[in-house]
Each structure stands twice: as structure tokens, then as C-alpha cells.
Amino acid sequence: MVVLREGFENEFALLMEKLPPWVRREVEGYGASLEEIAMDLGYRLAYTVDGETLYSEREVRKEDLDFVLHRVGGFKENNRAGLEGTLHRISRILTGLDEMAGITIRVGKFIQGVAEPLRPYLVETGGSLLVVGPPRTGKTTLLRDIVRILAEVYGSRVVAVDTSNEIGGDGTIPHPGIRPARRMQVPDPPSRNQGRIIYQAIANHSPEVVVVDEIGYNEDVQECLTASRRGVRVVATAHGERLLDVLENPALHPVLGDPDLRTKERRSRPAFSAALQVVGKGKFLLYPNLGQALDDLLQGREPEGVPIGL
């Protein structure tokens, strides 16, 4: 059963404390239906509830932005701030003179149970898993719940390499929902640092499983390949509407067995034993044998996936 993890009300209250009183009165009643708040200087407050954008009658003033800045205690170099132990994200917009012109607040929610249909594969079958899907289809929500399930089995031997702090939140202390898994944050820019953090996770912390959100840079792809060859399970996400998009992305070829699109052959075995295509929220296609699925695609055949939730 898919449910909002216990404790959200307390996490939501922590976020509401960071807002100017009039903003809080405007949005607080929506609770878990509230998705995002946009505070832009000189514009009406905008907020998203269940996918619909609503507007206040009152415009955002400089003192409103300063109120949030004071309450969160400042922003990091990437212009983000987080609340400890939550998934909420507070990001600011700066002018060319480094003056704050806007704030975006995303309400973070830990949805528990979305990965339960995958439990037999994650726990019993094992192997590395590549999760493929386009933006806004719930890949990260799924990945977070995968970490929860793996941590039940492997405990602190699960290390989440948190590329954009989507898995455990922007705070120093990660969200309790992924505990006892460990979390390593990736400094900006990810393209330069993610591979290094994956290497450190493997070399320094002896994980059974490494979980990575959004691979696709040269160094991180190579480190995922190295991990799999050293017997470390890897669960990673990659952007793509379907598996064919991943195959046609040259940056990912090292973990796909170095496929040659001209000769239609692979030079080696993939780093991932299986792939999961995210069709929509709670809807998946599982390819238990990624190598076979890639060979089918190379030969112009549509691989047969196992439907889950479809």
C-alpha cells in the first residue's frame, strides 16, 4: 500500500514556521496537497496544489523574502537551503547584483510503498538495477523507497550518493525514512564531483549497495561500471522515455556493455543485470535480463518487459 510516511505533519509544520505569517495563512490549510510555493518580488504569491497553480491577492515584498532568509539561516553556494531531517527544499533567485528576487519552496514528501512491487527483485533476486524514465514520473520518489527497502536488509551497508539531495533532503541530517542507509552528498557541479563521491563511497565505506540518482556524466558512469565489476550492487536512475533512449545515449554505453549501433552488437556484459522503465507514477516495465533486452533493441526487436502496475 502506498502511503505518506508517518511524521509528515511535523515536517510540514517545520516548513510553515519559515514562512511569513500571511503566506502561512494562505497555504497551510492545504497540507499534503501543497506541492510548491513561488515567492517573486513584486508579484502575487503563487502556489501549486494537486497540480493546479493558485494565486493570492497580495504581492510579495522584500521583507517577505528577508523573513524566509532569516528563518532558514542562509543559503549554500548552489542557492539552496534545506531543513534538517526533511525533504523540503528552499531555493532562491538572485539578480545580476546578487540581490534576492525570488524564492521557490518545494514541499517534500516521503511516499512509502511505491517500490513494494519490486521487493522480490530487490531482496530475493538481487543484482544491479538501472531505472529509466523521463522527468516528473516519480523516479526519485521510487528510488527513495528502494533505498528504504534495501536498508531493511543491508542496513548501513547501503550508501546513497545523493546527486541533488533529492533522496535524503538538503539538510546535513538526511530524512529518517532512508535510515539506516548512509547518505553522501555531491558538491556542485555534479558533472565534476559525482564520480569522485561514488569512488569514495566504494573505497572508504565498504557498501553492499550503492544507490545513485541521475547518472550520465563520464566519471560517474565509469565508477558505476567499476563498482559492478567489484561485486558492489548499483541501483541508478537515468533519463529517457524508454530503454531505447538509454541505448542511444553514448555517455551511458560503458554501463550497457559498449554497444555498437553500427554492427548491432555488444562488446561486453552490462553493469546492470536488469532495467526498470518508469511508465508513470506506480507503473513500470521490468526487464529482468538487461543484456537480452539490449540485444533485442540492437536487432530492431522490441524487448519483452514484465508489466508492474499496468
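You'll find the structure just up there.
Residues numbered from 1 in each chain as written. Predicted model: local features only at pLDDT ≥ 70, side-chain atom pairs only at ≥ 80, totals over all residues. Heavy atoms only, no water.

Undergrad: Residue-level account of the overall build of the protein chain, with values.
TA: Summing up its helical and strand segments, the protein chain has nine helices and 18 strands in all. Scaling as 2.2 N^0.38, a compact globule of 310 residues should have a C-alpha radius of gyration of about 19 Å, and the protein chain matches this with 21 Å. Along the longest, intermediate and shortest principal axes, the C-alpha atoms of the protein chain span 60 × 40 × 40 Å. Buried residues in the protein chain amount to 51% of all 310 residues. Counting only contacts in the protein chain whose residues sit at least 6 apart along the sequence, the fraction spanning at least 24 positions is 58%. In the form shown here, the protein chain has an accessible surface area of approximately 14700 Å², with 46% of it arising from carbon and sulfur atoms. (Helix = DSSP H or I, 4+ residues; strand = E, 2+ residues; numbered from the N terminus. Rg over C-alpha atoms; globule rule 2.2 N^0.38 Å. Buried < 20%, exposed > 50% of the residue type's maximum accessible area, 1.4 Å probe, protein only. Contact = heavy atoms within 4.5 Å. Areas by Shrake-Rupley, 256 points an atom, 1.4 Å probe, with all protein chains shown as cover.)

Undergrad: I'd love a proper account of the environment of Arg230, names of residues and values included.
TA: Within the secondary structure, Arg230 is located in the loop between helix H7 (218-229) and strand S13 (233-239). Note: C-alpha distance between Arg230 and Asp213 (17 residues apart in sequence) is 20 Å.

Undergrad: Kindly report on the sheet that holds strand S10 (residues 158-162), identifying the contributing residues and their values.
TA: One open sheet holds the eight strands; their spatial order is S11-S10-S12-S13-S9-S16-S17-S18, and the pairing between them is mixed. Every interior strand has two partners, whereas the edge strands, strand S11 (182-185) and strand S18 (306-308), have only one. Going from strand to strand, the sheet's axes swing by 20° on average, the running direction of each strand aside. In this sheet, S18 lies alongside strand S17 (residues 283-287) in antiparallel orientation, the contact comprising three bridges. (Pairing = 2+ DSSP bridges. Axes fitted to C-alpha atoms, helices over the stretch in contact; angles between N-to-C directions.)

Undergrad: Mind laying out the layout of surface pockets, listing which residues take part and the relevant values?
TA: The computed volume of the largest pocket comes to approximately 1100 Å³. Those elements that provide at least two residues to the lining of the largest pocket are strand S2 (34-40), helix H5 (139-154) and strand S16 (274-280). No other element matches H5, which puts five residues into the lining of the largest pocket. Of the residues that constitute the lining of the largest pocket, the class distribution is 13 nonpolar, 14 polar and twelve charged. The space that makes up the second largest pocket amounts to roughly 270 Å³. Lys76, Asn78, Asn165, Asp170 and Gln185 are the residues nearest the centre of the second largest pocket, which is lined by 19 residues in total. Counting residues per element, the lining of the second largest pocket draws most heavily on strand S5 (residues 80-82), at three residues. Classifying every residue of the lining of the second largest pocket gives four nonpolar, nine polar and six charged. (1 Å grid on protein atoms, 1.4 Å probe; cavity = no way out; pocket = protein on both sides within 12 Å on 5 of 7 lines; lining within 4 Å. Points joined across faces, edges and corners; volume = space filled by probe spheres on them. Nonpolar A, V, L, I, M, F, W, Y, C, P; charged D, E, K, R; others polar.)

Undergrad: Please provide a residue-by-residue account of the environment of Glu116, values included.
TA: Tracing the backbone through its elements, the reader meets Glu116 in the loop between strand S8 (111-112) and helix H4 (119-125). Once the C-alpha coordinates of Glu116 and Ile93 are considered, the two residues, 23 residues apart in sequence, prove to be 38 Å apart. Non-local contacts of Glu116, meaning those with residues more than four positions away in its chain, are made with Asp145, Arg148 and Ile149.

Undergrad: Quick one: what's the story with helix H9 (residues 290-298), residue by residue and with numbers?
TA: Among the nine residues of H9, seven are classified as buried, and the element is accordingly described as predominantly covered. For H9, the set of buried residues is Leu290, Gly291, Ala293, Leu294, Asp296, Leu297 and Leu298. Looking at the buried side of H9, the elements it contacts are helix H8 (243-247), strand S14 (259-260), strand S15 (265-266), S16 and S17. In this structure Asn289 caps H9, since a side-chain oxygen of it lies 3.2 Å from the backbone nitrogen of Gly291. (Polar contact = N/O pair within 3.5 Å; in protein donor to acceptor, adjacent residues only side chain to side chain.)

Undergrad: Let's hear about the packing of aromatic side chains: which residues, and what values?
TA: Scanning the entire structure with this criterion turns up two aromatic pairs. Centroid distance Tyr30 to Tyr47: 5.8 Å. Interplanar angle 45°. Geometry classified as tilted. Taken together, the residues span a long stretch of sequence, with Tyr30 in the loop between helix H2 (21-27) and S2 and Tyr47 in strand S3 (residues 44-49) at a distance of 17 residues. Under the relative-accessibility criterion, Tyr30 is labelled partly exposed at 34%. (Phe/Tyr/Trp six-rings, centres within 6.5 Å; stacked < 30°, edge-to-face > 60°.)

Undergrad: Give me the lowdown on unusual backbone geometry, citing residues and values where you can.
TA: Outside of glycine, negative phi angles account for most residues, and trans bonds account for most peptide bonds. In this model, Arg179 is joined to Pro180 through a cis peptide bond whose omega is 10°. Positionally, Pro180 belongs in the loop between S10 and S11. We note that Asn79 has phi near 65°; this positive angle belongs to a residue other than glycine. Along the chain, Asn79 turns up in the loop between helix H3 (62-72) and S5. Of note, the phi angle at Lys264 is positive, near 65°, even though the residue is not glycine. In this fold, Lys264 is placed in the loop between S14 and S15. With relative accessibility at 40%, the residue Lys264 sits in the partly exposed group.

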